[in-house]
Amino acid sequence: MKRRRTSINVLWIIGILIKFSNVSGSDGYGEEDAEVIQFRADDPMFSRVAPPSINERERQMGGYNYTINEGTLRVIRSELLYPFYDQGGGKDNVGDYQLAIKDNSPQITKSLNFLLPFFGFGFNYTWVSIHGYIGFSDGPELSDYPLRFPVENYPNQSDPSFIGPFYSKCKIGELNGDEVDRRRSGVYFRLEQNLLGRVDQFGVELRERLRWDIREGIVGADWFEPRHAVIVTWKNLTFGGGTIHARKTTNTFQLVLATDETRTYAIFNYKELRWTSNTEAGGSSEDGTLGTPAFIGFNAGNGTRAFEYKPYSQSPKIQNIMTSGNVNGFPSRHIFRIDEKIMPGQCIAELYDVASHLQRLSFAPESGNMLGGTIVNVTGPCFKQDMRINCRFNTIQVPGAVIDQNRATCIMPRIFITGYIDIFVEVEGSNDLLWKGKFFVETPEQAPELVSFNRQEILETQPTQLTVQWDTRNLTMDQTASVSITLWGYRESTINPQIVFIDSIVVGVPNNGRYTFNPQEINNKNTPWANEIQIGLVSVNLTNPSDPFGTAFQPVLWSRPIPLAWYMWPQWETRRGRWEERLCEEWIVQDRLLKNYAADIPICPCMLEQAIADRGRFLPDQNCDKDGKVVNCYLHEGAKHCVRSSMPTQSGAGQQCCYDVHGYLMMTADQKWGGRPSRAHDFGQLPWNEANKVPSLSHYLHDVAPFFPCCTWQHEQSWWCMTYRFERRPSQNCVGYQPPGVAGVFGDPHFYTFDGVQYTFNGKGEYVLVRANTDRHKLDVQGRFEQPSNNVYGDAIRATILTAVAAKDNQSSTVEIRLRPRDAQWRYKLDVFVDQHRIFFDRFPQKVQTFPGLTVYTPTDIQNQSHVIAMFESGAGVEVIENAGHLTARVYLPMTFLNQTRGLFGNWSGLVDDDFALPDGSMGPQSNINNFDAMHRQFGIHWAVDNTENDNRGVSLFYQESGKTSSNYADKNFYPEMSSDPYTIIANNVSLKAESVESFCGDSYQCKYDYSVTLNREFGGWAKYYQGQFLTIKENHLKSIISCGALMTPIHGRKSNFRYTPGTEVQFDCDPEFILVGDRKRVCKANGEWNTPTAGDDRRTETEWYNWNPSKTTRCIEEGEHESVASGITAAIILGIIVVIIIIVCIVVAMFQRSKNQYDTEDRVRDQTEPRISKRRSSDQTALPFIPTPQGRKNSRDGVKIHSQPVRPIKKEDIQLVTSAPPTKLTKYDSPPRNRSPPFLPQKAQQLTQPMNPSENDTSSSEGSLNKPAPQVPVDSGIRGRQDPIGQSRSRKPLQVYDGVYYTGEPLPNRPIVEFLVEEEEEDRRPSSRISSSSLDSEYAPALPTNPPPSKSQQPKVMEYGEDEPYISPSITV
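One numbering rule holds for all chains: residues counted from 1, following each sequence as written. Thresholds applied to this predicted model are a pLDDT of at least 70 for local features of residues and 80 or more for the giving and counting of side-chain atom pairs; totals over whole chains, interfaces and linings are not thresholded and use all residues. Side-chain measures were taken over the full set of non-hydrogen atoms in the model, leaving aside hydrogen atoms and water.

(A) Molecular detail of the overall build of the chain. Secondary structure is summarised from DSSP: a helix means a run of H or I of at least four residues, a strand means a run of E of at least two, and numbering begins at the N terminus for each. Summing up its helical and strand segments, the chain has 22 helices and 56 strands in all. The buried share of the chain, taken over its 1374 residues, is 53%. By definition, residues are in contact when any of their heavy atoms lie within 4.5 Å. Considering only contacts in the chain between residues 6 or more positions apart, those separated by 24 or more positions represent 65%. For accessible areas, the Shrake-Rupley method is used with a probe of radius 1.4 Å. Any residue's cover is judged against the shown protein chains and nothing else. For the chain, the computed accessible surface area is about 62200 Å², with 49% contributed by carbon and sulfur atoms. Each residue's exposure class comes from its accessible area (1.4 Å probe, protein chains only) as a fraction of the maximum for that residue type: buried when under 20%, exposed when over 50%, partly exposed otherwise.

(B) Structural context of unusual backbone geometry. Here F149 and P150 are connected by a cis peptide whose omega angle stands at -5°. Mapped onto the fold, P150 is located in the loop between β3 (133-135) and β4 (162-167). Of note, the amide linkage connecting K310 to P311 takes the cis form, showing an omega dihedral of 10°. By secondary structure assignment, the location of P311 is in the loop between β11 (306-308) and β12 (333-337). A positive phi is found at Q836, a non-glycine position, where the angle reads about 65°. Of note, Q836 is situated in the loop between β41 (830-834) and β42 (837-839). Look at Q836 and you get exposed, because its relative accessible area is 54%.

(C) How the structure looks around the pattern of salt bridges. Salt bridge criterion: a side-chain nitrogen from Lys or Arg within 4 Å of a carboxyl oxygen from Asp or Glu. The full count for this structure, using the stated rule, is 65 salt bridges. R74 is the salt-bridge partner of E70, the closest N and O atoms lying 3.5 Å from each other. Of the two residues, E70 and R74 both sit in helix α4 (residues 70-76), four residues apart, roughly one turn of that helix. Note on E70: relative accessible area 62%, which makes it exposed. Where D842 meets R827, a salt bridge forms, and the shortest distance between an N and an O atom there is 2.9 Å. Taken as a pair, D842 in the loop between β42 and β43 (848-851) and R827 in the loop between β40 (815-819) and β41 lie far apart in primary sequence, 15 residues in all. Of the residues examined, D842 reaches a relative accessible area of 25% and is grouped as partly exposed. Several salt bridges share partner residues, and in doing so they unite R305, E340, E816, R818, R820, D831, R838 and E961 into one network.

(D) A look at the sheet that holds strand β26 (residues 514-517). Any two strands are treated as partners once DSSP identifies two or more bridges connecting them. Strands sit in the order β22-β23-β26 across an open sheet of three strands; the sheet is antiparallel. Each having just a single partner strand, β22 (451-452) and β26 make up the two edges of the open sheet. Strand direction decides the pairing type here: β22 and strand β23 (residues 466-470), joined by two bridges, are antiparallel. Paired with V451 across the strands is W470, a residue of β23.

(E) Looking closely at the pairing of strand β31 (residues 641-645). With five of five residues buried, β31 lies mostly within the body of the structure. Neither face of β31 is open: one carries H641, V643 and S645, the other C642 and R644, and all of them are buried. Bridge count for strand β30 (residues 618-620) against β31 is three bridges, and the pairing is antiparallel. Following the sheet pairing, L619 is matched in β31 by R644. Here four bridges tie β31 to strand β32 (residues 656-659), and the two strands are oriented antiparallel to one another. Among the inter-strand pairings, H641 is bridged to a residue of β32, identified as Y659.

(F) View of the packing of helix α9 (residues 579-593) against helix α13 (residues 719-728). Helix axes are fitted only over the stretch in contact, all axes being lines through C-alpha atoms; the angle between N-to-C directions runs from 0 to 180 degrees. Two elements in contact, α9 and α13, have axes separated by 10 Å at closest approach and are oriented at 25°. In terms of axis orientation, α9 runs roughly parallel to α13. Crossing handedness for the pair α9 and α13: left-handed. Packed against α9, whose contacting residues are E581, R582, C584, E585, W587, I588, D591 and R592, the element α13 presents W719, W720, T723, Y724, E727 and R728 at the interface. Oblique is the label for every angle not falling under 35 degrees (roughly parallel), over 145 degrees (roughly antiparallel), or within 65 to 115 degrees (roughly perpendicular). The hand of a helix crossing depends on one turn: near helix anticlockwise from the far one by less than a right angle means left-handed, and clockwise means right-handed.

(G) Representation of the sheet that holds strand β44 (residues 854-857) in the model. As summarised here, the arrangement of the eight strands in space is β36-β35-β34-β47-β46-β45-β44-β43, forming an open sheet in which the pairing is antiparallel. This sheet does not close on itself; its edge strands, each paired only once, are β36 (758-760) and β43. The sheet shows a mean angle of 15° between the axes of neighbouring strands, taken without regard to direction. In this structure, strand β45 (residues 867-872) lies alongside strand β46 (residues 877-883), joined through five bridges in antiparallel fashion. When the sheet's bridge partners are listed, V868 is paired in β46 with V880. Strands in contact with helix α18 (residues 1017-1037) are β34 (741-746), β35 (750-752), β36, β46 and β47 (886-893); relative to β47, the strand with the most contacts, it is inclined by about 15°.

(H) Main features of the pairing of strand β21 (residues 435-442). Burial analysis of β21 places six of its eight residues in the buried class, which makes it a mostly covered element. Relative to β21, strand β15 (residues 367-369) runs parallel, the two sharing three bridges. Within the sheet, the bridge partner assigned to N369 lies in β21 and is E442. As judged from the seven bridges shared by strand β20 (residues 419-427) and β21, these two strands associate in the antiparallel manner.

(I) Summary view of the packing of aromatic side chains. Two aromatic rings from Phe, Tyr or Trp, using only the six-membered ring of Trp, form a pair when their centres are within 6.5 Å; if the ring planes differ by under 30 degrees the pair is stacked, by over 60 it is edge-to-face, and anything between is tilted. In total, this model carries 69 aromatic pairs according to the counting rule given. Measuring from centroid to centroid gives 6.2 Å for Y85 and F202, while their planes differ by 65°, and the two rings are edge-to-face. One end of the pair, Y85, is in the loop between α4 and β1 (107-118); the other, F202, is in helix α5 (residues 201-215), with 117 residues separating them in the sequence. Judged by its relative accessible area of 0%, Y85 falls in the buried class. We classify F202 as buried; its relative accessible area is 2%. Ring geometry for Y752 and F1030: centres 4.9 Å apart, planes at 35°, overall tilted. Placement of the pair is Y752 in strand β35 and F1030 in helix α18, with a sequence separation of 278 residues.

(J) Seen up close, the nonpolar core. Only buried Ala, Val, Leu, Ile, Met, Phe, Trp, Tyr and Cys residues count toward a nonpolar core, and they belong to the same one when joined by side-chain atoms within 4.5 Å. In this structure, F383, F393, F439, W566 and L697 are the most contacted members of the largest nonpolar core, which totals 95 residues. Those residues in contact with L697 that lie beyond four places of it in its chain are M370, L371, F416, P444, Y490, I499, I535, L537 and P561. One finds L80, F118, F268 and F298 within the second-largest nonpolar core, a separate group that totals 54 residues.

(K) The arrangement of the state of the cysteines in detail. Cysteine sulfur atoms are paired as a disulfide whenever they fall within 2.5 Å. Applying the stated criterion to the full structure yields 11 disulfides. With a sulfur-sulfur separation of 2.0 Å, C584 is cross-linked through a disulfide to C710. Taking the sign of the torsion about the S-S bond as the criterion, the disulfide between C584 and C710, at about 105°, is right-handed. One end of the pair, C584, is in helix α9; the other, C710, is in helix α12 (residues 707-712), and 126 residues separate them in sequence. This pair shows no difference in class: C584 is buried, exactly as C710 is. Residue C1044 pairs covalently with C1084 via a disulfide, S to S 1.9 Å. Taking the torsion about the sulfur-sulfur bond, which here is approximately 85°, the covalent link between C1044 and C1084 counts as right-handed. With C1044 in the loop between α18 and β48 (1053-1055) and C1084 in the loop between β51 (1081-1083) and β52 (1115-1118), the pair connects residues that are 40 residues apart, well separated along the chain. The exposure class assigned to C1044 is buried, which follows from its relative accessible area of 3%.

(L) Highlighting the environment of H715. As for its position among the elements, H715 is in the loop between α12 and α13. A distance of 3.0 Å separates a polar atom in the side chain of H715 from the backbone nitrogen of Q717. Residues adjacent in sequence count toward polar contacts only when both atoms are side-chain atoms; beyond that, a polar contact is any pair of N or O atoms within 3.5 Å, and within protein one must be able to donate a hydrogen and the other to accept it.

(M) The arrangement of α5 in detail. What a helix is expected to span follows from its residue count: subtract one and scale by 1.5 Å. Relative to the 21 Å expected for 15 residues at 1.5 Å per residue, α5 spans 21 Å between its end C-alpha atoms, a close match to the ideal helical length. Counted residue by residue, α5 has 14 buried out of 15 residues, so it is predominantly covered. Near the N-terminus of α5, the side chain that reaches the backbone nitrogen of F202, with its oxygen 3.4 Å away, is that of D200.

This is the structure in structure tokens:
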């Protein structure tokens, strides 16, 4: 075996030497080279004999694996044309030559046996035509010139799918006889498969040649691996209609296709072009000049889209195609990427059409990290090595470097922005901005994690090691290059956010993708200026950039934001001591100073099903997505799924809602892992370059990073974490959440309005689904309906289906979601356009894309773009789903759209009577909605929309490609099937029976209609499926759920569950060594409130459960504290019992004393009424008149009723009141009687005819002065007039004022004020019916004088007298 291998290599080397010595640079083989060709029969790259079959090759190799070196590869790449053979290859010994292709038999079919992606379609076959193209359907009709694709009259006229390197009418020509390459004229076809596994010489050489020709020939193909190849060669073909002498005027060109079944590249090689047009196109019959030249380009077919290679196709400049490609150094080679869209890989030396030229800039990659450093290769203008070029990303300009004539490179700068921006290329400072494209900027959280860490290590405060990993291929192709790893910090200390350099972790390590280090070896540096930085990023960059990247912006790979405790903790500890607490405290203080952000964020849905179904306001959180690759929600442990608000609020804030495995909302009131609102939305907010508005970084700084020092690095029930959970970032419960309204369309087509009305309308064209045009909302959602393909019998189907949806909200971008043709659904099921720009969602960073006023995303588990959701700032959402070519669309609207919608989805008002409003405001059919004909003529057809603006219907929002307009889809004369009865619809001459339809569809009339009209069970099945799905969403997922809201978990305790729906019973328990105090159980009632708790062991209730207050909620206290509390309670109970006993004794004594005083009074009265006493008094001239003493009293709520004892009637003339006094003896008051506090009524007084001096009564203090009013208390509702003073001291008896009023408090007219003096010795002789000042002092002292006034129930009792009896003091001396 070794000897055989050596001989083969020697022969091959000799053959190469002979080839270069004899061919002298010739590209073909002449007859004089027959000896050389025969000698080199074992070298398939330089032979006319086709290589043997794979099986034969493996047998010949005998297990030997061929390898290729760099020199050999350089030699085989030096040829323009790829190998094709006219000998060998089978019994006909014609190699690749296609004998079946003749002038009168222009094409043959070839099976590919693999998937060839082309222009959005996927094919496993092809037709090879003599006319300079390979097709994937019937060939085009070459009649009208110049040719236009796609065909506008499709489907009435066929629109072929083809690849045309030189599409014109051709014939097989003749050789002149002087050609170096004497292989026969005609068409050659060669197919090579499974190149990746090939070990034979031809397979290896072809694979390596394709790999490097494509990688170096077009941008974005750095990692392409060819798996299958097709080589088609048109050799010496002449033009159609030429004379016999023109048969030797020939062209030779070649098409090479290479694919990995995902990407496809096409190479056009032009060896010789001697004619440009055929006679049918106006060309000369002698030499094939003049007329309309050949079409060069691609057509997707089926009326979709095309790419004409300008300025060469069908243009006199077609001859320049021989000198303008310059791919791989060959002037006549041109390369394209053709799988999903056509992207040319060669420069264009001249501007031919400025308008279309603006989109011809090719660049890769088409997205990059916001932090910058992404290598962007561009192709467009032709470059020279000494040329100065610039790339402009939005408004930031950076220098670029030339790689070759077709390619240049730029390094993306740091740009605080997200979404699509414009990218331009300037040549020699032209500043013309003609070479333009769309570049997608990814946020740091969206971008691929090109630099990563072990998450557990990076979150530790003092790790012993950290491992950094990075993607080497995204930095450089040179695996031996050295890299540096750098630490950066992010801060927002001013309005301008900053990314600042902190330290170099390592410099000059091999680019092997992994580096491990000990942080304690590098974190001992003193950087006081960085003490305030808490988050940062790690970058990996080339230590010594190569020449193409020797610019100010070298390539950089970035990590996602990370906390910096692992690096900064020694400095934090030196400055702050207990730095975890201090960092959290500093953040709390700072966050309290910032504006309130939570007022306008949306309320979280109660259940996971609601959150998923609320398509207008919430989208999956990519860091905790049940359908995504991220299964570890490290910031929300125990969560099954989290959602975020789709748009930032006006203040830039956002909402986050997380749900547990049972679908219940997780709240920070229960645990620290609940969802948290965000001061800064992850998507940022315009202007993105200001603090608190930077995408991802502001969110991480304000909302994610504080969680680590407050809760991760401290106990969950510490004061810091509790403040974070309950004050700064508390979860919002779902109390008050209102599900959106939903309407939908599906099938042929069938509608459900927002109010739940179902009907069928088969319009053909573009129609208004929802239109809101009010001061509050401006929303347009439109649908396009087209007639499906004919049924199995070839008959037209009298129905339509939904094929596209377009929507726009106020000033937002316009989004269109369109069903792709069946043959184009090999990879993507739907096309999505935003502002007429096609977007894709197959890469993770592009799963969620933002635009002005619009967010578009696909669920993470959807890889084929079959499920697309568009969300608007107003909260409206549009969802489009495709299955097996069948489309459904649903529109979700928040409650703010009530009574503001019109269109085919009706007026959302909660009433079904006004659903069918017409554009002019009048009402359509109301009572007969099951009449398809009435709904069609009187309602649906009126909502057709076109390219003309209409105030009531709007204007068409659809992107009209290839010159089409709304009229291309509209047909107002189209009359669909108007019956829903299968027995009526199904004809008798078909095999399908109505009974089968009834059995399959059940109660769904939508299923019956679709099945019967199309005669296709698939249509009926999907109609039934979409109907059930819609009803489930409307009736189950979006139903209102009653919630009792958050219920706090006790500190040092736990709850039996975290649910909050009616019927939930929550029991509390405490950790070991703690005792539960308060209520042990709470129940959520049907009205959405927690039951009123009963008192616990400490006699407290949880009356303010929603307002966290440890003194008023169920709580867990330590055992020692509980024992102290229990002892205190026991002592209080004993003391209370003693006090009660004392009070009872005092009451008994008081009652006894009162009874005794009553008896004593009666005895004195009897003594005074004896006759002998009366006589003696009558003889005494100085005797005073008798004044009776009240005998009894009666207690009442408002006071005491006093009744004089009727012992002896008192005559009016016997009572003398003091009505006047010398003015000098009176005291003047500043306020009227009503504003002064009435005095206690005295038992005994002296007539004020003698001088009075206040100082005589109280010389030690001025408090007893008559000029100082007594304190006032509120008046009881039972008292009219004045208030009784409270709190007078018994040790001092100041002069009391009697202002001459009755009990009612009304002053007597012309009654002067009379002052009385209270005698101390008479104090004990006051009647028992009076309320003593001492009793008032003891009862109401706590309310005096600085405390608040006593309540109504605390006001003192007053005496009440008969309404017809004036008050007469029994102790007044007249």
